[in-house]
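Structure assessment
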Amino acid sequence: LPTWNISGAWNIDNEEFFEKQDILSRATLRSTYGLTASMGPATNASLILNNQSTKRPFLRDIETALVIGGLKNSELTWEKQLETNIGFDLGFLKDRLSLTVDLYKRNGYDLIGAVRTSGIGGQYIKYANYADMKSKGIEVTTAAQILNGAGLKWRTQLNFGYHKGKITKLESVPLVWSLISPGGDALEGYPQRGLFSVQFDGLNPQTGIPTFVGVNGERQVTNVYLQDDNIGHLKYEGPTDPLMNGGFFNSFLYKNFSLSTLLTFSAGNKIRLNPAFSANYNDLSSMSNDFVGRWMQTGDELKTNIPSIADRFVYSNLGSDYPYNV
């Protein structure tokens, strides 16, 4: 796939009118527009065969065998992205203070990802072009030479970025399980890795077991069917990828000694907590401190939302349902 890029810059500090002021020491306005492409995680545009040795009880009987590593996907094409970028660079006070700002907008299409299929071809999951996505964001970097003496020098830099994307077209059908998993999944109208939840509906007054809002909007005591593609009852929590990220860097130089520090940060995303409940416990189990405030008797459901630890009787009556998975 041919990729291309058009870019231009205006060095404002080369203009005659720029010399009539003494605040800015440097100024550049730039813009780019282009197409990029990648193969993404896919490798199965054609049939992939791998070699392996057969498993036999004796070495003399071992033979070389071919194993299908990936079925052919003749319709697979490049993952493409059109990006528009507008930015400027400014320098103040003889470049002791600088500022760089970039605004971008990206239109991605033919995105490649794992798609659930009927399995007729022999693969239940295969990589294919399954989605289109639009995203936009801003990146800001500011730097300053705070001290520039003969003995001590101190330079600091702060960068900040904000990115937001949305799936505009989706070919695959996500399941409840993939949408509520810690990594999230793609759903049209939401981020590429959006995190959803089965809505909590309080504790059962008799057992302290958690209940949830089911497909019909009614309280569901037993487990929710996680392999269902009916996802209308799910609650959107947020993206699993941070919307904001950045870093704060400082560098100190004194004679022949140097010290640098870097602080990075991110925010705006949702994280699924690790499971705290288990089907069984022993003396070596590491218990969450939240269990101190768990449901233990009828009436506790009015003052806590921490489920009970199901005893053997309650657990046996659950059968194959295990609501703590939700």
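Residues numbered from 1 in each chain as written. Predicted model: local features only at pLDDT ≥ 70, side-chain atom pairs only at ≥ 80, totals over all residues. Heavy atoms only, no water.

**Details of the overall build of the protein chain**
Regarding its fold elements, the protein chain presents two helices and 15 strands. Against the compact-globule benchmark of 20 Å for 326 residues, the protein chain has a radius of gyration of 28 Å, which places it well outside the compact range. With 326 residues in all, the protein chain has 30% of them scored as buried. Across the protein chain, contacts joining residues at least 24 apart in sequence account for 59% of those joining residues at least 6 apart. As displayed, the protein chain has an accessible area near 21,300 Å², and 54% of this comes from carbon and sulfur atoms. Averaged over its 30 positive side-chain charges, the protein chain has a centre that lies 4 Å from the centre of its 31 negative ones. (Helix = DSSP H or I, 4+ residues; strand = E, 2+ residues; numbered from the N terminus. Rg over C-alpha atoms; globule rule 2.2 N^0.38 Å. Buried < 20%, exposed > 50% of the residue type's maximum accessible area, 1.4 Å probe, protein only. Contact = heavy atoms within 4.5 Å. Areas by Shrake-Rupley, 256 points an atom, 1.4 Å probe, with all protein chains shown as cover. Lys, Arg positive; Asp, Glu negative; His and termini not counted. Charge placed at Lys NZ, Arg CZ, Asp CG, Glu CD.)

**Some remarks on the environment of Glu301**
Within the secondary structure, Glu301 sits in the loop between strand S15 (257–267) and helix H2 (312–317). Once residues lying within four places of it in the same chain are set aside, the contact partners of Glu301 are Leu203, Pro205 and Trp295. Polar contacts involving the side chain of Glu301 include one to the side chain of Trp295, which spans 3.0 Å. At 2.9 Å, the side chain of Glu301 and the backbone nitrogen of Gly299 are in polar contact. (Polar contact = N/O pair within 3.5 Å; in protein donor to acceptor, adjacent residues only side chain to side chain.)

**Some remarks on the packing of aromatic side chains**
In this description, a pair of aromatic rings is defined by centroid distance and the angle of the planes. For the coordinates displayed, the defined rule picks out eight aromatic pairs. Both rings, one in Trp4 and one in Tyr33, keep their centres 5.6 Å apart while their planes meet at 55 degrees; by these two values the pair is tilted. Of this pair, Trp4 sits in strand S1 (residues 4–11) while Tyr33 sits in strand S2 (residues 24–38), and the two are 29 residues apart along the sequence. Here Phe277 and Phe291 contribute two aromatic rings whose centre-to-centre distance is 4.8 Å and whose plane-to-plane angle is 50 degrees, an arrangement assigned as tilted. (Phe/Tyr/Trp six-rings, centres within 6.5 Å; stacked < 30°, edge-to-face > 60°.)

**Side note on the nonpolar core**
Val176, Leu179, Ile180, Leu187, Phe196, Val198, Phe212, Val224, Leu226, Ile231 and Leu234 form the largest nonpolar core, which has eleven residues in total. Contributions of two or more residues to this core are made by helix H1 (176–180) and strand S9 (194–198). No other element matches H1, which puts three residues into this core. Dropping the residues within four chain positions of it, Ile180 is found in contact with Leu195, Phe196, Ser197, Val198, Leu226, Leu234 and Arg272. (Core = buried A, V, L, I, M, F, W, Y, C linked by side-chain atoms within 4.5 Å.)

**Digging into a nonpolar patch on the surface**
Side chains of Trp10, Phe17, Leu29, Ile86, Phe88 and Leu103 sit close together on the surface and give an oily, nonpolar patch of about 560 Å² of accessible area. Within the secondary structure layout, Ile86 lies in strand S5 (residues 79–92). For Ile86, a relative accessible area of 46% translates into the label partly exposed. (Patch = residues over 30% accessible without salt bridge, like charges linked within 9 Å, V, L, I, M, F, W, Y side chains within 5 Å. Salt bridge = Lys/Arg side-chain N within 4 Å of Asp/Glu carboxyl O.)

**So, the sheet that holds strand S6 (residues 97–116)**
Strands sit in the order S1-S2-S5-S6-S7-S8-S14-S15 across an open sheet of eight strands; the sheet is antiparallel. The sheet is open, and its two borders are formed by S1 and S15, each paired with just one other strand. Mean inter-strand twist for the sheet, computed between neighbouring axes without regard to direction, equals 10 degrees. Sheet topology note: the strand S7 (residues 125–148)/strand S8 (residues 152–170) ladder contains 17 bridges and is antiparallel. Bridge pairing links Leu147 to Trp154 in S8. (Pairing = 2+ DSSP bridges. Axes fitted to C-alpha atoms, helices over the stretch in contact; angles between N-to-C directions.)

**Things to note about the confidence of the model for the protein chain**
Of all residues in the protein chain, 98% attain a pLDDT of 70 or more, and the chain-wide mean is 90. Confidence scores differ between elements of the protein chain, with strand S12 (residues 219–220) showing the lowest mean pLDDT of 72 and S15 the highest of 97. (pLDDT = per-residue confidence, 0-100.)

**Quick word on a positive patch on the surface**
On the surface, Lys105, Lys134, Lys136, Lys164 and Lys166 cluster together into a patch of positive charge. Elements that contribute at least two residues to the positive patch include exactly S7 and S8.

**Observations regarding the pattern of salt bridges**
Counted under the stated rule, the structure contains nine salt bridges. For Glu171, the salt bridge identified is with Lys169, shortest N-O distance 3.6 Å. Lys169 sits in the partly exposed class, given a relative accessible area of 42%. The salt bridge involving Asp300 is made with Lys303; its shortest N-O contact spans 3.6 Å. The exposure class of Asp300 is buried, given its relative accessible area of 6%. On the accessibility criterion, Lys303 (69% relative accessible area) is exposed. By sharing partners, the salt bridges in this structure join Arg30, Asp89 and Asp102 into a single network.

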